[in-house]
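Coordinate inspection notes
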Amino acid sequence: MRRRALLAALSAGVSGLAGCSFGSPGDDRAHTAVDPAETDTPTHSQPNTDADGGARTGDPPRPEDPRHVVALDTGPRTYALSPYIRVDDGGRVALWFDRTATADHPARLRGWLRNGNPYENTFEVQWIPAVGDVHARQPRGHDHEAALHLAPTEDNALAATVPDVTRDESGYWRAEDVGPWLVETHRLAPGEWVPLAYDVVGSPGMSGRPTGTYEFGDGATLTVWDAASPGPDGDSRFAGRSVPAMDGEGSVAWFHQAGPETTAFVRPSAERVALDAQVAFEMVNHSHERLQCGHWNLHKLVDGEWFHVGPTVHTSDCRLLPPGGRKEWHLRAFNADAVGGCDEPGLTRGYLGGGTYGVVAGYGTPEPESGALVDLVGDPVEVVPTDDADATRDGDTVTVTLPEYGDGEHPPDAAVTLRRADAADERVIAEQVMRTGGFLSSGRGLRNCLPFLTEGVARVVLRADGHVADAVLGHDADGRRFRFRGRAYAVERGTGRGDR
């Protein structure tokens, strides 16, 4: 083992965690494979080396396109470092690969730690993920030796010890020992920075390079996958099934059509469940590029045609998935009223009937989206009015009044009228009629009309407000014709009492 002296700049002081470089965990917009923008030094200057030989002033170096993913030459493995490092207290960190692993050397990360504060600060290096906290937790399902480490090199200004590394019989690099390699704390002047350099190695005695996600402290990860077979393992119950394209959607790469070479896919936790149920869907990016924009949608396949079920709206941001990144989305499906919910990202939806559904994420390569099929086993959806609907009949007309009507609040009162028709322009399914939540009072319109258009009733007038009317017709339309369960209907804005 080679040792080096502690840096002379170490001193006691107010301790703190280092600050943010690539965004905050959970914020998809921050998961970009770029280095942090500089705000205190708008132009690049020549770095100056301080007396201790490690700390510098001026702008730290950074490549125009920093690499956070490399394919190894020592075996069929790909490394992807998470492109953000969670730190606090005004510190800034950047790390990137400057070389891959070969027979002569391990894969190496370079970068820097900088004090972004306008005052001196002591950083607790030992707690900064992938800077001082350099021993990654193993992926799930592996033994205690399946761990990765960032071993500091001679070029790392925070190294207290530079460990020996060796290439084992399996072809991968590992450390000879695992010890406290980095200093515990380090003090930096305002704007001062120190260079970082690490070899990516396995544990002593570790054989091969198990795939999975290795975690450094809180927020930093190093994901390893099989470069020769990045696709999902196992067979799908839908293998060989052909599904139609989705109108208005980009091309979808389906899980059941994925092969060993597939680099981006949505993997379901189950492909057939009985209602009521929860199914998890995981989007996996085993490509070398970041994917976008990752909004999720639920569709139902009926008679060879896709129908969008939810959600009714999306946020306007473009969510990104970096190389090696994974996103999980949960479908909580109920045959009648939905019960509760949870903090996990996903969709809780009641009134879903039995059938084949498609969950589609807006991430993909080479196709723009990825998706997976799931069979929900259950009864057809029953179309029933909401509990607060008040219906009265006068001859062949039923008038349904909702609490929104006459409440004196915005938007103004509005009405729609439903009749039978001879032809239709579109088809609507029960899961769309009964969907709840979302924008513009979705699910309070047609479900409060259709159940009342029974034998002997010529029309149903629904009195509510502008949100309910717009949810039925859209903002700019005064009418529409649709087919529901084999019958054609016409719905128009207003009560229609003056119509011929």
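Everything that follows concerns the structure shown earlier in this document.
Notes on the structure in this doc start here. All of these numbers come straight from a predicted model, not from anything done at the bench. (Residues numbered from 1 in each chain as written. Predicted model: local features only at pLDDT ≥ 70, side-chain atom pairs only at ≥ 80, totals over all residues. Heavy atoms only, no water.)

1. A look at the overall build of the protein chain
For the protein chain, the helix and strand inventory stands at two helices and 36 strands. The 500 residues of the protein chain split such that 53% are buried. Carbon and sulfur atoms provide 45% of the accessible area of the protein chain, an area that totals close to 22,300 Å². (Helix = DSSP H or I, 4+ residues; strand = E, 2+ residues; numbered from the N terminus. Buried < 20%, exposed > 50% of the residue type's maximum accessible area, 1.4 Å probe, protein only. Areas by Shrake-Rupley, 256 points an atom, 1.4 Å probe, with all protein chains shown as cover.)

2. A few points about the sheet that holds strand β34 (residues 459-465)
Read from one edge of the open sheet, seven strands run β30-β31-β34-β32-β36-β35-β33, paired in mixed fashion. Every other strand in the sheet has two partners, leaving β30 (390-394) and β33 (426-427) as the edge strands with one partner each. Bridge analysis of strand β35 (residues 479-484) against strand β36 (residues 487-493) gives six bridges, and the strand direction is antiparallel. By the bridge assignment for β36, Arg483 is matched with Ala488. (Pairing = 2+ DSSP bridges.)

3. Brief notes about the state of the cysteines
Applying the stated rule across the entire model yields one disulfide. Across the disulfide from Cys293 sits Cys318; the S-S distance is 1.8 Å. Torsion about the S-S bond of the Cys293 and Cys318 cystine: about -90°, corresponding to left-handed handedness. One end of the pair, Cys293, is in the loop between β22 (291-292) and β23 (296-302); the other, Cys318, is in the loop between β24 (305-310) and β25 (320-321), with 25 residues separating them in the sequence. (Disulfide = S-S within 2.5 Å.)

4. As for unusual backbone geometry
Omega for the bond connecting Gly310 with Pro311 falls within 30 degrees of zero, at -5°, which places this linkage in the cis form. Structurally, Pro311 can be placed in the loop between β24 and β25. Note the cis peptide between Thr365 and Pro366, where omega equals 0°. Residue position: Pro366 is located in the loop between β28 (355-361) and β29 (369-377). At Tyr351, a residue that is not glycine, the phi angle is positive and equals roughly 55°. Structurally, the position occupied by Tyr351 is in the loop between β27 (346-349) and β28. You will see that Arg485, though not glycine, has its phi angle at about 50°, which is positive. Within the secondary structure layout, Arg485 lies in the loop between β35 and β36. Arg485 sits in the exposed class, given a relative accessible area of 52%.

5. Thoughts on the packing of aromatic side chains
This model, assessed by the stated rule, comprises four aromatic pairs. Their ring planes at 5° and their centres at 5.4 Å tell us that Trp296 and Trp329 sit as a pair that is stacked. Within this pair, whereas Trp296 is found in strand β23, its partner Trp329 is found in strand β26 (residues 326-333), the two being separated by 33 residues in sequence. Look at Phe482 and Tyr489: their rings are 5.6 Å apart centre to centre, the planes differ by 25°, and that puts the pair in the stacked class. Its relative accessible area of 0% is what places Phe482 among the buried residues. (Phe/Tyr/Trp six-rings, centres within 6.5 Å; stacked < 30°, edge-to-face > 60°.)

6. Structural notes on the sheet that holds strand β17 (residues 220-226)
With antiparallel pairing, four strands are arranged side by side in an open sheet as β5-β6-β17-β16. Because the sheet does not close on itself, it has two edges, and the strands there are β5 (69-71) and β16 (212-216). Taken pair by pair, the neighbouring strands of this sheet meet at an average axis angle of 15°, ignoring direction. (Axes fitted to C-alpha atoms, helices over the stretch in contact; angles between N-to-C directions.)

7. Details of the pairing of strand β32 (residues 413-420)
Looking along a regular strand, one sees the side chains alternate between the two faces of the sheet. Here β32 pairs with β34 via seven bridges, running antiparallel. Following the sheet pairing, Ala414 is matched in β34 by Ala464. In terms of strand pairing, β32 meets β36 through five bridges, oriented antiparallel. Residue Arg420 lies in a different strand from β36, and its bridge partner there is Tyr489.

8. Focus on the nonpolar core
Ranked by size, the top nonpolar core spans 45 residues in total, and within it Tyr79, Phe97 and Leu158 carry the most contacts. Per-element tally for this core: the top contributor is strand β15 (residues 193-202), with five residues. Setting aside anything within four residues of it in sequence, one finds Tyr79 in contact with His68, Val69, Val70, Leu72, Phe97, Ala107, Val200, Arg209, Leu222, Thr223 and Val224. Residues Leu418, Val460, Leu462 and Val491 belong to the second largest nonpolar core, which totals 31 residues. (Core = buried A, V, L, I, M, F, W, Y, C linked by side-chain atoms within 4.5 Å. Contact = heavy atoms within 4.5 Å.)

9. Structural notes on the pairing of β17
Counted residue by residue, β17 has five buried out of seven residues, so it is predominantly covered. Of the pairings in the sheet, the one linking strand β6 (residues 77-81) to β17 comprises five bridges and is antiparallel in character. Counterpart to Leu81 in the pairing with β17 is Leu222. Alignment of β16 against β17, held across five bridges, turns out to be antiparallel. Within the sheet, the bridge partner assigned to Tyr214 lies in β17 and is Leu222. Joining the antiparallel neighbours β16 and β17 is a turn of three residues, in which Gly217 adopts a positive phi near 60°.

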